[in-house]
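A closer look at the structure
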Amino acid sequence: MGNLTVRPYRPATDFRAILDCQCDLYELNFPRFVCTPDFVAEQAGRLRQVQRRPYEHQIFVLDDAGTLAGFVWVAIRMDLQGVFGSVDQVYLKPAYRGQGYGALLMEAVHRHLKTLGVAYVRLYVTESNRAAVNLYRRLGYETIRLEMERPL
Ligand SMILES: CC(C)(COP(=O)(O)OP(=O)(O)OC[C@H]1O[C@@H](n2cnc3c(N)ncnc32)[C@H](O)[C@@H]1OP(=O)(O)O)[C@@H](O)C(=O)NCCC(=O)NCCS
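Report follows, based on the coordinates.

Definitions and cut-offs
- Residues numbered from 1 in each chain as written.
- Predicted model: local features only at pLDDT ≥ 70, side-chain atom pairs only at ≥ 80, totals over all residues.
- Helix = DSSP H or I, 4+ residues; strand = E, 2+ residues; numbered from the N terminus.
- Rg over C-alpha atoms; globule rule 2.2 N^0.38 Å.
- Buried ≥ 20, exposed ≤ 12 C-beta atoms within 10 Å, placed from the backbone.
- Contact = placed C-beta atoms within 7 Å.
- Near = placed C-beta within 6 Å.
- Nonpolar A, V, L, I, M, F, W, Y, C, P; charged D, E, K, R; others polar.
- Pairing = 2+ DSSP bridges.
- Axes fitted to C-alpha atoms, helices over the stretch in contact; angles between N-to-C directions.
- Parallel < 35°, antiparallel > 145°, perpendicular 65-115°, else oblique.
- Left-handed = near helix turned anticlockwise from the far one by under 90°.
- Core = buried A, V, L, I, M, F, W, Y, C linked by C-beta atoms within 7 Å.

Attention now moves to the overall build of the protein chain. If you tally the helices and strands in the protein chain, you get 5 helices and 5 strands. Counting from the amino terminus, the protein chain carries its helices and strands in the arrangement β-α-α-α-β-β-β-α-β-α. Taken against the 2.2 N^0.38 rule, which gives 15 Å for 152 residues, the C-alpha radius of gyration of the protein chain at 15 Å falls within 12% of a compact globule. Principal-axis analysis of the C-alpha atoms places the extent of the protein chain at approximately 45 × 40 × 35 Å. When burial is assessed residue by residue, the protein chain has 18% of its 152 residues classed as buried. Of all intrachain contacts in the protein chain linking residues separated by at least 6 positions in sequence, the fraction that spans at least 24 positions is 57%.

Dropping the structure here:
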């Protein structure tokens, strides 16, 4: 898999690169979504939280000789069932898809959560995104709830 490495987020160089991926990530997963400057600004605000709350947010970057090839964003959250790791975003630039790098990023998340003593990891995925669904299933993820909709 070449010389690609997974490393923690560095705001100075990664902030803009991750922001540049946001429209593609959401357009791929939400067919009716339209990317606007307001949306990108909102994502920039979320990304700044990563620096402010390092105990809550962690991003791992797939680095190809100094260029961002992809990233995964995990947050520690709590709900009725207790504390869990929430994989909020996983993204590979098009040239890096279909080669196993998604698994590499997810494994970094799993290691990180285990180090923190977090026992469960959870995520949302669009059902039509077969590459993503298959990846998560291969890594042991199972469906625990279904979000359903119908047109009116
Ligand atoms: C979803 C994603 C993280 C999967 O990571 P990955 O490293 O590409 O995963 P894999 O290498 O296991 O490949 C996934 C599937 O895509 C297929 N594939 C091959 N070439 C591909 C390409 N150029 N682009 C997309 N998928 C490709 C693979 O054959 C594989 O099929 P399979 O699951 O039936 O075996 C990655 O494709 C991605 O970043 N997609 C865009 C962003 C996105 O949708 N993120 C998920 C949000 S929940």
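Text resumes after the structure shown.
Further remarks concern the environment of Pro54. Within the secondary structure, Pro54 is located in the loop between helix H3 (37-52) and strand E2 (57-64). Considering only alpha carbons, one finds Pro54 and Ala75, 21 residues apart in sequence, at a separation of 9.4 Å.

Here the focus is the site of the ligand. In the vicinity of the ligand there are 18 residues, among which Arg97, Gly98, Gly102, Ala131 and Asn134 approach most closely. It is helix H5 (residues 130-138) that provides the largest number of residues to the shell around the ligand, a total of 4 residues. Split by residue class, the shell around the ligand holds 10 nonpolar, 7 polar and 1 charged.

Turning to the sheet that holds strand E3 (residues 67-79), a few remarks are in order. Read from one edge of the open sheet, 5 strands run E1-E2-E3-E4-E5, paired in mixed fashion. A single partner strand is all that each edge strand has here, and the edge strands are strand E1 (5-8) and strand E5 (121-123). Neighbour-to-neighbour, the strand axes of the sheet open up by a mean angle of 30 degrees, direction not taken into account. Relative to E5, strand E4 (residues 82-92) is paired through 3 bridges, and the arrangement is parallel. Within the sheet, the bridge partner assigned to Val87 lies in E5 and is Leu123.

This part is about the pairing of E2. In regular strands, side chains alternate between the two faces of the sheet. The pairing of E1 with E2 spans 4 bridges and is antiparallel. By the bridge assignment for E2, Val6 is matched with Leu62. Pairing of E2 with E3, which is carried by 8 bridges, proceeds in the antiparallel orientation. Directly across from Ile59, in E3, lies its bridge partner Trp73. Hairpin connection from E2 to E3: 2 residues lie between these consecutive antiparallel strands, with Ala65 at a positive phi of about 50 degrees.

Where helix H1 (residues 11-19) contacts H3, the axes come no closer than 10 Å and their chain directions differ by 150 degrees. It follows that H1 is roughly antiparallel to H3 by the angle criterion. The element H1 and its partner H3 pack so that their crossing is right-handed. Across the interface between the two elements, Pro11, Phe15, Ile18 and Leu19 of H1 pack against Val40, Gln43, Ala44, Leu47 and Gln51 of H3.

The next point concerns the nonpolar core. Phe71, Val72, Leu105 and Val109 are the most contacted members of the largest nonpolar core, which totals 23 residues. Here this core gets 6 residues from one element, more than from any other, and that element is E3. For Val109, the contacting residues outside a window of four places in its chain are Phe60, Val72, Val74, Gly85, Val87 and Val121.

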